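# Survey of secondary and tertiary structure
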Amino acid sequence: MQQDKRLFRHIVLMGPPGAGKGTQASILVEKVGLKTFSTGQLLRDEAATGSKLGKKIASIIDGGNMLPSRMLMKIVGKELEKPLYREGYVLDGVPRKIAQAKALDKIFASRAFKKYDMAIDLVIYLQVPDEYVIERIIGRSQCAKCGTMYHDKFKPTQVFGICDHCGGKEFTRRADDNYEAIMTRLKLFRLETAPIIPYYEKKGLLVCVDGTGPIDVVSEKIRKVVGY
Ligand SMILES: [Zn+2]
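How each quantity is defined
Residues numbered from 1 in each chain as written. Predicted model: local features only at pLDDT ≥ 70, side-chain atom pairs only at ≥ 80, totals over all residues. Heavy atoms only, no water. Helix = DSSP H or I, 4+ residues; strand = E, 2+ residues; numbered from the N terminus. Rg over C-alpha atoms; globule rule 2.2 N^0.38 Å. Contact = heavy atoms within 4.5 Å. Areas by Shrake-Rupley, 256 points an atom, 1.4 Å probe, with all protein chains shown as cover. Lys, Arg positive; Asp, Glu negative; His and termini not counted. Charge placed at Lys NZ, Arg CZ, Asp CG, Glu CD. 1 Å grid on protein atoms, 1.4 Å probe; cavity = no way out; pocket = protein on both sides within 12 Å on 5 of 7 lines; lining within 4 Å. Points joined across faces, edges and corners; volume = space filled by probe spheres on them. Nonpolar A, V, L, I, M, F, W, Y, C, P; charged D, E, K, R; others polar. Salt bridge = Lys/Arg side-chain N within 4 Å of Asp/Glu carboxyl O. Buried < 20%, exposed > 50% of the residue type's maximum accessible area, 1.4 Å probe, protein only. Donors = N, O, S within 2.8 Å, 3.2 Å for Na, K, Ca; no water. Tetrahedral: all angles 85-135°; square planar, octahedral: opposite > 155°, others 65-115°. Phe/Tyr/Trp six-rings, centres within 6.5 Å; stacked < 30°, edge-to-face > 60°. Pairing = 2+ DSSP bridges. Axes fitted to C-alpha atoms, helices over the stretch in contact; angles between N-to-C directions.

### Considerations on the overall build of the protein
Along the protein, the regular secondary structure elements total 10 helices and seven strands. Compactness check: the protein gives a C-alpha radius of gyration of 19 Å against a globular reference of 17 Å for 228 residues, within 12% of the reference. For the C-alpha atoms alone, the extent of the protein along its principal axes is close to 55 × 45 × 30 Å. In the protein, 69% of the contacts between residues at least 6 apart in sequence involve partners at least 24 apart. Looking at the protein as shown, the accessible area adds up to about 13,100 Å², and 55% of this sits on carbon and sulfur atoms. Each charge class in the protein was averaged separately, 38 positive and 26 negative side chains, and the resulting centres sit 6 Å apart.

### Observations regarding the layout of surface pockets
Taken as a whole, the second largest pocket spans an internal volume of roughly 190 Å³. When its residues are assigned to classes, the lining of the second largest pocket shows four nonpolar, four polar and three charged.

### Describing the pattern of salt bridges
This model, assessed by the stated rule, comprises 15 salt bridges. Between Asp105 and Lys203 there is a salt bridge, with its nearest N and O atoms 3.2 Å apart. Taken together, the residues Asp105 in helix α5 (residues 98-109) and Lys203 in the loop between α9 (196-202) and β7 (206-210) connect sequence positions 98 residues apart. You can call Asp105 partly exposed: its relative accessible area is 22%. Classification of Lys203 as partly exposed rests on a relative accessible area of 42%. Note that Lys153 and Glu135 form a salt bridge whose closest N and O atoms lie 2.6 Å from each other. One end of the pair, Lys153, is in the loop between β5 (149-151) and β6 (171-172); the other, Glu135, is in helix α7 (residues 130-138), and 18 residues separate them in sequence. Assessed through its relative accessible area of 33%, Glu135 is described here as partly exposed.

### Observations regarding the coordination of the zinc ion
In an ideal octahedron of six donors the angles at the metal are 90 or 180 degrees, and in an ideal tetrahedron of four donors they are 109.5 degrees. Taken together, Cys143 (SG), Cys146 (SG), Cys163 (SG) and Cys166 (SG) make up the protein donors of the zinc ion, found 2.3 Å from the metal. Coordination at the zinc ion is tetrahedral: its four donor atoms span angles of 104 to 115 degrees at the metal. Taken in sequence order, the residues that donate to the zinc ion follow the motif C-x2-C-x16-C-x2-C. With a gap of 20 residues between them, Cys146 in the loop between β4 (140-143) and β5 and Cys166 in the loop between β5 and β6 connect regions that are remote in the sequence. For Cys166, a relative accessible area of 28% corresponds to the partly exposed category.

### Observations concerning unusual backbone geometry
Following Val94, the chain continues into Pro95 via a peptide bond in cis, with omega recorded as 5 degrees. Of note, the phi angle at Asp117 is positive, near 50 degrees, even though the residue is not glycine. Among the secondary structure elements, Asp117 is positioned in the loop between α6 (111-114) and β3 (122-127). Under the relative-accessibility criterion, Asp117 is labelled exposed at 59%.

### A closer look at the packing of aromatic side chains
Throughout the structure, instances matching the rule amount to six aromatic pairs. Ring centres of Tyr89 and Phe108 lie 5.3 Å apart, and the angle between their planes is 10 degrees; on these two criteria the pair is classed as stacked. Within this pair, whereas Tyr89 is found in strand β2 (residues 89-91), its partner Phe108 is found in helix α5, the two being separated by 19 residues in sequence. A relative accessible area of 0% means that Tyr89 is categorised as buried.

### Things to note about the sheet that holds β3
On the basis of which strands lie adjacent, the open sheet formed by four strands has the order β2-β1-β3-β7 and parallel pairing. Both outer strands of the open sheet, β2 and β7, are each paired with one neighbouring strand and no more. Averaged over neighbouring strand pairs, the angle between their axes works out to 25 degrees when direction is ignored. Together, β1 (10-14), β2 and β3 form the strand contacts of helix α1 (residues 21-32), whose direction differs from that of β1 by roughly 160 degrees. Where helix α10 (residues 215-226) meets the sheet, it contacts β1, β3 and β7, and its direction lies at approximately 155 degrees from that of β3.

Structure follows, in structure tokens:
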């Protein structure tokens, strides 16, 4: 991809679980004013409306299953139609499958979007090796009182066992932050999500960024690519 002086505003952040996509997306939101959404939250919101679609969604997610791509993309498309996304967006939980990537292209090419020129203009792939993902996820903990995130190795509390922020002494860990669950997520990523990478590469949209190292080092690399 040519590195010109333009600022990219229609961005997809990709990478394996634990690559830091969410963190980097929120930095882009803060620094560039891009808008984003959590697909999980969208689904929970739609389910809470009690609409026909919402009820269907609730029955699928309550059963611990993934929503079919067609249904998911319908909701994502509806969200992206909101005027707030016209000035720019960063997506970090979608697309997860090639069918979703193709559906996104169709959405942005559709009549509702065409005049706003919202097509994806940059896909950043955060590259991190598996060992790194495992190490990063397994060490995660969160203050039970104030929600501050910690990591045993990368971001420990200043005083052992005491939250820097609120002095809390209780910490929680996500049940799926264990070795087996992480391996399953990595396998799923390789099987379903990784095939999207060549799809975007062929379109000339892909830039790979080394996602290892401290958050500010990675965000600086992303800053250069995005051009802000
Ligand atoms: Zn705390």
